[in-house]
Amino acid sequence: MPSILKRLRKLPVKEKLEDIGYFINRELLQFLGELVTAVEDFEATPGPTGATGPAGSDGATGPTGPTGPTGPTGATGATGPTGPTGATGATGATGATGATGATGTSFTPATGSANGYLTRKVYVNAASAILGTTFLGVTTIAAATLSTASDLPDGNWFIIDVAAGGGGGAGANGTEGFGGPGGGGGCRRRMIISRADLIAMLPLTIVCGLGGAGGVGRVVNNNVVTTTETAGSPGTDSTFGYLNAGAGAGGQVGSGRHGGPGGGIGTAPTPGAVTTAVLGGTPAVTAGIKGLCLEGAGHVATSSSNTQPGSAAVWGGASGGASLAVNTAGNGGRSAYGGGGGGSGGNQEPATVDGGHTGGVGGGRFVDTNENGGGGAGGTGTNTNNGTAGAGSNGSVGDAERNGDGGGGGGSHGGSVANAATGGKGGDGGFPGGAGAGGGATRIRAAAAHVFTGGDGGKGADGCVILTALA
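None of the values given here were measured: they were computed from a predicted structure. (Residues numbered from 1 in each chain as written. Predicted model: local features only at pLDDT ≥ 70, side-chain atom pairs only at ≥ 80, totals over all residues. Heavy atoms only, no water.)

**Describing the sheet that holds strand 15 (residues 421-422)**
Across a sheet, strands are paired by hydrogen bonds formed along the backbone, either parallel or antiparallel in direction. What the four strands build is an open sheet, ordered 10-9-16-15; its pairing is mixed. With partners counted over all chains shown, the strands left at the sheet margins are strand 10 (224-227) and strand 15, one partner each. Two strands pair when backbone bridges link them, and strand 9 (residues 219-221) and strand 10 are joined in this way by three bridges, in the antiparallel orientation. If you follow Val219 over to strand 10, its bridge partner there is Thr227. (Pairing = 2+ DSSP bridges. Helix = DSSP H or I, 4+ residues; strand = E, 2+ residues; numbered from the N terminus.)

**Here we look at the nonpolar core**
Residues Leu146, Ile160, Ile206, Phe240 and Val465 are the most contacted members of the largest nonpolar core, which totals 23 residues. Sorting the residues of this core by element identifies strand 6 (157-163), strand 7 (188-194), helix 3 (195-201), strand 8 (204-207), strand 12 (243-245) and strand 17 (464-470) as the ones contributing at least two each. In this structure, Leu146 is in contact with Tyr123, Asp151, Leu152, Leu202, Pro203, Leu204, Ile206 and Phe240, ignoring residues within four places of it in sequence. Formed by eleven residues, the second largest nonpolar core is a distinct cluster that contains Val122, Val124, Ala163 and Cys464. (Core = buried A, V, L, I, M, F, W, Y, C linked by side-chain atoms within 4.5 Å. Buried < 20%, exposed > 50% of the residue type's maximum accessible area, 1.4 Å probe, protein only. Contact = heavy atoms within 4.5 Å.)

**What to know about the sheet that holds strand 17**
Taking strand neighbours across the sheet as the criterion, the five strands line up as 4-1-17-6-7 in an open arrangement whose pairing is mixed. The open sheet is flanked by strand 4 (141-142) and strand 7, the only strands paired with a single partner. Strand direction decides the pairing type here: strand 1 (residues 119-124) and strand 17, joined by five bridges, are antiparallel. Pairing of Arg120 across the sheet is with Thr468, part of strand 17.

**Describing unusual backbone geometry**
Look at the link from Leu202 to Pro203: it is a cis peptide, with omega at -5°. At the junction of Phe431 and Pro432, the peptide bond is cis and its omega measures out at -10° in the coordinates. Among the secondary structure elements, Pro432 is positioned in the loop between strand 15 and strand 16 (451-453). Of note in the backbone geometry, Asn222 takes a positive phi value of approximately 55° without being a glycine. Note that Asn222 resides in the loop between strand 9 and strand 10. Given a relative accessible area of 40%, Asn222 falls into the partly exposed group. Unlike most non-glycine residues, Asn223 shows phi in positive territory, near 70°. Considering the arrangement of structural elements, one finds Asn223 in the loop between strand 9 and strand 10. Of the residues examined, Asn223 reaches a relative accessible area of 43% and is grouped as partly exposed.

Keep in mind these values describe shape, not function.
Encoded structure:
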């Protein structure tokens, strides 16, 4: 290729071509031959690649190709941070009305024979024989501790009644022909309180007293005293929080021969062989022996010819009866709301054979102006050979307002000393808080091969706590 260019440059610029055929044959054909050879050489032997030229402008986008197959699912990425809570959406439409609920119980005043209260609970001592029996229309339950408001029954107002245990009657003194003195009754106290005030008292432990056991009568076997008569045991107090009801004392034996004093705010003292006036259960010393308001009735010791009936009380317990007079017996005292005093056992003239004598009447609730009697009837006397005099009747059971009555004294046995004889047992006090009565005496003298048994005293009634819930 260079040779052609060189030759072209050497052509005479002003050379005159006289014949075109000459030029073609001489110059052009030869030039074309060389050009063909040069082109062939150029195609057979590529030269070095030149520098890349500038990129041309983008052409128009071609049509979209078909979608390729879906690739495999990649691994789940990490959870991103929680975004801000979006604005509250609009309230949805009100749903359909639900089914009508059960009809509630409306408050309707009691009518006819309905009991008129919402709930009633009667608590007694866990050792009481009354536990699990029916009293005031409900089954008695064991005393418990009320800790929280949920332990209280439903109700806005509550009546709380606290009744203490009654004292037991004394056993008869057979060698002297003296019937045993009766025990003193237990106190009754009441409180009406709102639910809020009751809750403020919590926690509290309910304590229910027990009645005192009766004493045993003297036993003489073949001229030998094998058993010495004993006094009646005192009852025990009942409490509901700060509300205390004092228990009655037992009937006493020996030279003092007291009927048991009644319980009041305080527990009745045990008089022992004291011969002066003995006050009932009272928080302060007072001048009389009568029961005043919450004080229990006191008692005076008998003398050699005195019959001492029990004294009366209002809320306190009445005192028991006692007697040293021949062939007589003392009645138990009455109380308006507290427990009645126990009657004394029938006395018996040791030197005279007769039909025996009736025991004293237990103290009942007031229905007239008499301060004693009205409770359990005294047992009848007898002179049946080898027989037993009549037992005193138990005191009547109390109610929602008042404690029980005192038991009646046992009858005496007035038969011949040639046969065995037994005095009548004193009646038990009525639940709650009634006092037990004294046992009846026997007529005895020194008589070989025979047994003479004085009557045992009756048991004082147990106490309780009554919780009545109102609307």
